[in-house]
Amino acid sequence: MKFTLSWLKEHLDTTASVDAIAEALTDLGLEVEGVENPGEKLKAFTLAKVVHAEQHPDADRLRVCRVMTDEGEKQIVCGAPNARAGITVVLAKPGDYVPGIDVTLSVGNIRGVESHGMMASERELELSDEHTGIIELPSGEVGERFIDWLAAHDPAKVDPVIEIAITPNRPDALGVHGVARDLAARGLGTLKPLKVEAISGAFPCPVSVTIDADTAGEGGCHVFAGRLIRGVQNGPSPKWLQDRLRAIGLRPISKLVDVTNFFTYDRNRPLHVFDAQKVQGGLRIHRAADGETLVGLDEKTYTFSAGQVVISDDKGIESIGGIMGGLETGCTEDTVDVFLEAAFWDNIQIATTGRALKINSDARYRNERGIDPAYNCQALDDATRMILDLCGGEPSEAVVAGQVPDVSRAYRLDAKRVISLVGMEIPESEQRQTLTALGFRMDGTMAHVPSWRPDVMGEADLVEEVARIASLTKLKGKPLPRVTSGVPRPILSPLQKREQVARRTSAALGYNECVTYSFIDRAAATLFGGGEDAAMLANPISSEMSHLRPSLLPGLLQAAARNQARGFHDLALFEVGAAFSGGEPGEQALQVAGLLVGNTGPKDVHGASRPVDLFDAKADAEAVLSAMGAPAKMQVMRNGPAWWHPGRHGVMCLGPKKVLGIYGEIHPKVLNELDVKGPAVGFVLFPAEIPLPRRTGATRGALVISDLQPVERDFAFVVGTSVQALDLVNAAAGADKGLIESVRVFDEFVGGSLGEGKKSLAITVRLQPTDKTLNEKDIEAVGAKIVEKVSKATGGTLRG
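To keep things clear, this report deals only with the structure shown in the data block. Every value quoted in this text rests on a predicted model; they were computed, and no experiment measured them.

Parameters and conventions
- Residues numbered from 1 in each chain as written.
- Predicted model: local features only at pLDDT ≥ 70, side-chain atom pairs only at ≥ 80, totals over all residues.
- Heavy atoms only, no water.
- Helix = DSSP H or I, 4+ residues; strand = E, 2+ residues; numbered from the N terminus.
- Buried < 20%, exposed > 50% of the residue type's maximum accessible area, 1.4 Å probe, protein only.
- Contact = heavy atoms within 4.5 Å.
- Areas by Shrake-Rupley, 256 points an atom, 1.4 Å probe, with all protein chains shown as cover.
- Lys, Arg positive; Asp, Glu negative; His and termini not counted.
- Salt bridge = Lys/Arg side-chain N within 4 Å of Asp/Glu carboxyl O.
- 1 Å grid on protein atoms, 1.4 Å probe; cavity = no way out; pocket = protein on both sides within 12 Å on 5 of 7 lines; lining within 4 Å.
- Points joined across faces, edges and corners; volume = space filled by probe spheres on them.
- Nonpolar A, V, L, I, M, F, W, Y, C, P; charged D, E, K, R; others polar.
- Pairing = 2+ DSSP bridges.
- Axes fitted to C-alpha atoms, helices over the stretch in contact; angles between N-to-C directions.
- Patch = residues over 30% accessible without salt bridge, like charges linked within 9 Å, V, L, I, M, F, W, Y side chains within 5 Å.
- Charge placed at Lys NZ, Arg CZ, Asp CG, Glu CD.
- Expected span 1.5 Å × (residues − 1).
- Disulfide = S-S within 2.5 Å.
- Phe/Tyr/Trp six-rings, centres within 6.5 Å; stacked < 30°, edge-to-face > 60°.
- Left-handed = near helix turned anticlockwise from the far one by under 90°.
- Core = buried A, V, L, I, M, F, W, Y, C linked by side-chain atoms within 4.5 Å.

Quick word on the overall build of the chain
Part 1 of the argument: Of the regular secondary structure elements, the chain holds 19 helices and 42 strands.
Part 2 of the argument: Taking the principal axes of its C-alpha atoms as reference, the chain extends roughly 130 × 85 × 55 Å.
Part 3 of the argument: Of all 800 residues assigned to the chain, the portion counted as buried reaches 47%.
Part 4 of the argument: Look at the contacts in the chain between residues 6 or more apart in sequence, and 68% of them connect residues 24 or more apart.
Part 5 of the argument: When the accessible surface of the chain is split by element, carbon and sulfur atoms take 50% of a total near 40600 Å².

Description of the side chain of glutamate 341
Part 1 of the argument: Examined against the element boundaries, glutamate 341 turns out to sit in strand E24 (residues 338–345).
Part 2 of the argument: Buried glutamate 341, no salt bridge; nearest opposite-charge side chain is arginine 269, N-O distance 6.8 Å.
Part 3 of the argument: What glutamate 341 contacts, discounting residues up to four positions off in sequence, is Phe224, Ala225, Gly226, Leu271, His272, Phe274 and Ile311.

Regarding the layout of surface pockets
Part 1 of the argument: By volume, the largest pocket is sized at about 1400 Å³.
Part 2 of the argument: What lines the largest pocket is a set of 41 residues, and nearest its centre among them are Lys618, Val636, Leu726, Val729 and Asn730.
Part 3 of the argument: Mapped onto the lining of the largest pocket, the elements with two or more residues apiece are helix H16 (614–627), strand E35 (635–637), strand E36 (644–653), helix H18 (725–733), strand E40 (740–750) and strand E41 (758–767).
Part 4 of the argument: Counting residues per element, the lining of the largest pocket draws most heavily on E40, at 7 residues.
Part 5 of the argument: Each residue belonging to the lining of the largest pocket can be placed in one class, and the counts come to 21 nonpolar, 10 polar and 10 charged.

Details of the sheet that holds strand E33 (residues 571–580)
Part 1 of the argument: Sheet architecture is open: 7 strands sit in the order E30-E33-E34-E38-E37-E36-E35, paired in mixed fashion. Looking along the sheet, the strands with just one partner apiece sit at the ends: strand E30 (512–513) and E35.
Part 2 of the argument: Where E36 and strand E37 (residues 659–666) come together, 6 bridges link them in antiparallel fashion. Across the sheet, the residue bridging to valine 651 is isoleucine 662, located in E37.
Part 3 of the argument: Sitting on the sheet, H16 is in contact with strand E34 (588–597), E36, E37 and strand E38 (680–685), with an inclination near 25° to E38.

Things to note about a positive patch on the surface
Part 1 of the argument: Where like charges cluster on the molecular surface, the positive patch consists of Lys633, Lys737, Lys789 and Lys792.
Part 2 of the argument: Looking at where lysine 633 falls in the secondary structure, it is placed in the loop between H16 and E35.
Part 3 of the argument: On the accessibility criterion, lysine 633 (71% relative accessible area) is exposed.

Here's the deal with the sheet that holds strand E27 (residues 410–412)
Two modes of strand pairing occur in sheets, parallel and antiparallel, and in both the strands are linked by backbone hydrogen bonds.
Part 1 of the argument: Pairing within the open sheet is antiparallel, and its 3 strands lie in the order E27-E29-E28. Sheet topology places E27 and strand E28 (441–443) at the edges, where each strand pairs with a single neighbour. Strand-to-strand twist in this sheet, taken as the mean axis angle between neighbours without regard to direction, amounts to 30°.
Part 2 of the argument: In this structure, E28 lies alongside strand E29 (residues 446–448), joined through 3 bridges in antiparallel fashion.

Some remarks on helix H6 (residues 255–266)
Part 1 of the argument: If you check H6, its first and last C-alpha atoms are 16 Å apart, about what 12 residues at 1.5 Å a residue would give, namely 16 Å.
Part 2 of the argument: By the criterion of burial, H6 is predominantly enclosed, with 12 of the 12 residues buried.
Part 3 of the argument: Here H6 has its buried residues at Lys255, Leu256, Val257, Asp258, Val259, Thr260, Asn261, Phe262, Phe263, Thr264, Tyr265 and Asp266.
Part 4 of the argument: One or two steps after H6, the chain reaches asparagine 268, where phi turns positive at roughly 55°.

Describing the pattern of salt bridges
Part 1 of the argument: Evaluation of the coordinates by the stated rule reveals 47 salt bridges.
Part 2 of the argument: Of the charged contacts in the structure, one is a salt bridge between arginine 468 and aspartate 182, with a shortest N-O distance of 2.6 Å. Linking arginine 468 in helix H12 (residues 459–470) with aspartate 182 in helix H4 (residues 176–186), this pair joins segments that are 286 residues apart in sequence. We note that arginine 468, like aspartate 182, is buried.
Part 3 of the argument: Aspartate 455 is the partner of arginine 453 in a salt bridge, and the nearest nitrogen-oxygen pair spans 2.8 Å.
Part 4 of the argument: Among the ionic contacts, a cluster of salt bridges with common partners joins Arg170, Asp172, Asp182, Arg453, Asp455, Glu465 and Arg468.

So, the state of the cysteines
Part 1 of the argument: Going through the model one piece at a time under the given rule, you end up with 0 disulfides.
Part 2 of the argument: Cysteine cysteine 221 is unpaired, with the sulfur of cysteine 377 as its nearest cysteine sulfur at 12 Å.
Part 3 of the argument: What makes cysteine 221 buried here is its relative accessible area of 0%.

Overview of the packing of aromatic side chains
Part 1 of the argument: Enumeration according to the criterion identifies 8 aromatic pairs in this entry.
Part 2 of the argument: Pairing tryptophan 7 with phenylalanine 262 gives two aromatic rings, centres 5.6 Å apart and planes at 5°, and the pair type is stacked. In this pair, tryptophan 7 is assigned in helix H1 (residues 5–9) and phenylalanine 262 in helix H6, connecting sequence segments 255 residues apart.
Part 3 of the argument: In this structure phenylalanine 262 comes out as buried when scored by relative accessible area, which is 9%.
Part 4 of the argument: Between tryptophan 240 and phenylalanine 262, the ring centres sit 6.0 Å apart and the planes meet at 90°, which makes this aromatic pair edge-to-face. Of the two residues, tryptophan 240 sits in helix H5 (residues 239–247) while phenylalanine 262 sits in helix H6, which places them 22 residues apart along the sequence.

Observations regarding the packing of helix H10 (residues 415–422) against H12
Part 1 of the argument: Packing of H10 against H12 leaves a shortest axis separation of 10 Å and a crossing angle of 65°. Handedness of the crossing formed by H10 with H12: right-handed. Of the residues in H12, those in contact with Val418, Leu421 and Val422 of H10 are Val463, Val466 and Ala467.
Part 2 of the argument: Here the residues of the contact of H10 with H12 sort into 6 nonpolar, no polar and no charged.

Describing the environment of threonine 773
Part 1 of the argument: With respect to the secondary-structure elements, threonine 773 resides in the loop between E41 and helix H19 (776–794).
Part 2 of the argument: Ignoring sequence-local partners within four residues, the contact set of threonine 773 consists of Leu708 and Asp778.

Overview of the side chain of threonine 46
Part 1 of the argument: Mapping threonine 46 onto the fold places it in strand E4 (residues 46–55).
Part 2 of the argument: Excluding its chain neighbours within four sequence positions, the residues that come into contact with threonine 46 are Asp70, Val89, Val90, Leu91, Lys93, Gly143, Glu144, Arg145 and Phe146.

Some words on the nonpolar core
Part 1 of the argument: Of all hydrophobic cores here, the largest spans 73 residues; its most connected members are Phe3, Leu8, Ile21, Leu25, Ile164 and Leu183.
Part 2 of the argument: Of the residues forming this core, the biggest block, 7 residues, is contributed by helix H9 (residues 376–391).
Part 3 of the argument: With residues near it in sequence (within four places) discarded, leucine 183 still touches Leu8, Leu12, Ile21, Ala24, Leu25, Leu28, Leu188 and Gly189.

Examining the environment of lysine 737
Part 1 of the argument: Along the polypeptide, lysine 737 turns up in the loop between H18 and E40.
Part 2 of the argument: When the C-alpha positions of lysine 737 and leucine 767 are compared, they lie 9.8 Å apart, and in sequence the two are 30 residues distant.

Notes on unusual backbone geometry
Part 1 of the argument: Between glycine 678 and proline 679 the backbone carries a cis peptide bond, its omega angle lying at 0°.
Part 2 of the argument: Relative to the elements of secondary structure, proline 679 occurs in the loop between helix H17 (668–673) and E38.
Part 3 of the argument: The backbone of aspartate 102 sits at a positive phi, close to 55°, despite the residue not being glycine.
Part 4 of the argument: Along the chain, the position of aspartate 102 falls in the loop between strand E8 (97–98) and strand E9 (103–104).

This is the structure:
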């Protein structure tokens with residue numbers, strides 16, 4: 001939507017600058033997409049007068065002029081044939097930028113004669129293509145700014161053009177008067193009332209108008225009004241109208257057509273004119289039959305589908321209702337009798353027909369968004385008056401078919417609710433004044449919506465209008481009041497805190513976070529204990545996203561496969577998210593999963609790189625669990641699910657039913673199915689299973705440290721090969737829980753003199769006394785307990 005500043009001032013009495021208007025429009029929701037201000041590039045130029053001109057001593061086509069300027073008399077060399085004494089010219093001084101030639105002037109020397117500036121032509125100032133000579137002005141004072149002279153004598157050449165973007169819900173702003181109304185409501189001026197014309201017909205209209213029953217009202221044409229004007233003299237429009245249309249990018253055609261274009265942009269009122277002498281009989285608004293055609297004003301042939309609304313006379317279709325007229329009945333310079341039409345169409349029907357026929361016209365653009373139904377007949381009179389003023393002629397009585405629809409409605413204005421929702425103290429009187437300025441009629445607390453605002457459909461829209469005019473840029477941030485005094489309670493729940501800690505710890509361990517879809521294919525879900533119908537999506541995006549994931553590992557393994565296919569073989573990935581055991585609420589649980597694939601690092605000369613193993617996964621799993629607050633001592637069992645390697649995994653738990661996590665190698669069959677090249681190890685942790693700490697305070701207990709010397713003793717036990725090292729470690733640690741600080745396996749030996757089915761496990765036991773220094777007798781007593789406990793728990797014997 002484009003309009004000029006002078007056009008806007010036809011509707012708005014304002015002294016606001018272009019910048020102030022542009023800023024206000026954007027703030028009002030009518031975003032300014034651009035401002036073209038021709039005066040900006042002309043503001044440096046001033047008027048001067050040539051007092052003497054003589055032939056250049058060394059050039060036939062140049063003249064040396066003495067020019068009176070606001071800085072005194074200057075010498076300028078000019079090649080224009082009309083350069084002579086006594087004329088008023090436009091002066092460009094040294095240092096001025098001349099847009100038409102893209103040059104910044106300096107003092108020049110032209111064939112031995114200094115020139116202090118130039119006298120400009122219209123093309124050099126980008127005012128027109130005229131360049132046969134310099135500009136000669138009929139009036140003006142020396143030193144007067146050229147843009148001031150143009151504003152007084154030829155304002156169209158310095159009239160700023162403003163372009164705004166219109167959202168679909170604001171059709172009222174598709175007319176300059178509607179834009180002016182918003183600015184007046186904001187306080188940037190006073191809205192000028194529209195002149196209400198009343199046209200009395202001199203004779204009955206010879207062109208009748210009817211609307212078929214299946215086309216009248218909703219889905220077709222609500223009302224169709226028109227009148228004949230005979231004896232008009234069509235031709236080029238007056239200069240003011242042509243300048244206004246050209247400024248907004250429209251090509252002036254003729255008086256009759258330009259009047260309709262003017263009303264389209266001035267009042268958001270599309271109109272159409274028929275050459276009445278080419279119309280046979282009356283006009284009928286009806287639905288087209290399938291296959292009927294029309295040559296439009298754009299000289300293209302359009303083929304209609306059944307049901308599209310058209311306007312026909314006795315010989316056939318003459319216009320596409322509300323979208324485009326036909327070429328045959330279009331007005332030309334020879335038109336003498338014209339039929340002027342103003343109608344209100346169903347906007348959905350207009351949009352449907354326009355899209356089907358691929359027509360983008362100004363009439364369609366406005367009719368499909370919604371125009372003012374109550375202005376229909378008045379628009380006919382206003383446009384008639386303009387045609388009579390420009391073209392002469394005699395008007396007939398108006399003919400009307402159909403009825404203007406009743407769009408009246410009212411909504412309650414709750415001033416307190418407005419303040420609550422907007423967050424600004426807007427007095428009720430100001431709220432009422434705002435709505436009144438926008439055209440609403442206030443009746444008590446009820447606001448009656450104007451007919452030109454189809455977007456206002458409830459009380460919330462009243463709030464929006466008040467806020468829009470008040471300007472949300474004035475909204476000041478206010479902190480929310482505290483519910484309780486003192487230090488506020490933590491915002492995050494314990495589970496959310498664990499989720500945060502798990503992310504940070506995993507990233508600190510060198511893992512890269514993945515965010516995968518919660519949906520996977522049935523085959524992958526089945527590999528991890530899912531794939532049942534309860535977790536199947538009713539409307540999946542694709543066959544590869546048909547089921548809710550039962551674990552985070554499938555997504556990580558698929559990500560690893562994609563990376564391996566692109567040459568990245570050593571990976572450390574993790575994800576924190578929900579896994580699903582079904583499709584019902586509550587059948588999901590938070591998981592933390594990590595995956596290591598390939599080697600621990602790149603190859604190097606020291607041979608430090610090695611394939612990842614389950615102990616890497618175990619160390620990382622323990623680190624993440626520790627960061628989330630899990631107990632330091634846990635049981636490790638081997639009863640994990642089938643997607644883990646049966647002999648190379650561990651289930652970390654606080655009991656048979658309290659599983660905190662699982663780590664280990666991924667089963668080779670799973671890797672093969674998901675096309676992942678091993679080795680691949682990983683872990684899955686369950687943060688919700690970690691017991692909450694007994695103490696919820698932020699303070700820490702006192703540091704307990706002993707000043708007595710610790711003692712370490714080594715033991716080697718011969719046990720069966722099926723005995724787990726953990727069982728032996730737990731048995732040794734339980735010999736004296738108060739004295740034994742830690743037990744650690746440091747060696748394993750199988751074969752040799754031990755015989756079949758036997759192995760040797762060597763452990764280091766660290767004793768930390770708290771009340772006295774241990775003597776040899778105390779140490780031996782503890783050692784005997786350890787041997788007894790291990791023998792009883794594992795059947796092992798102390799190795800000799």
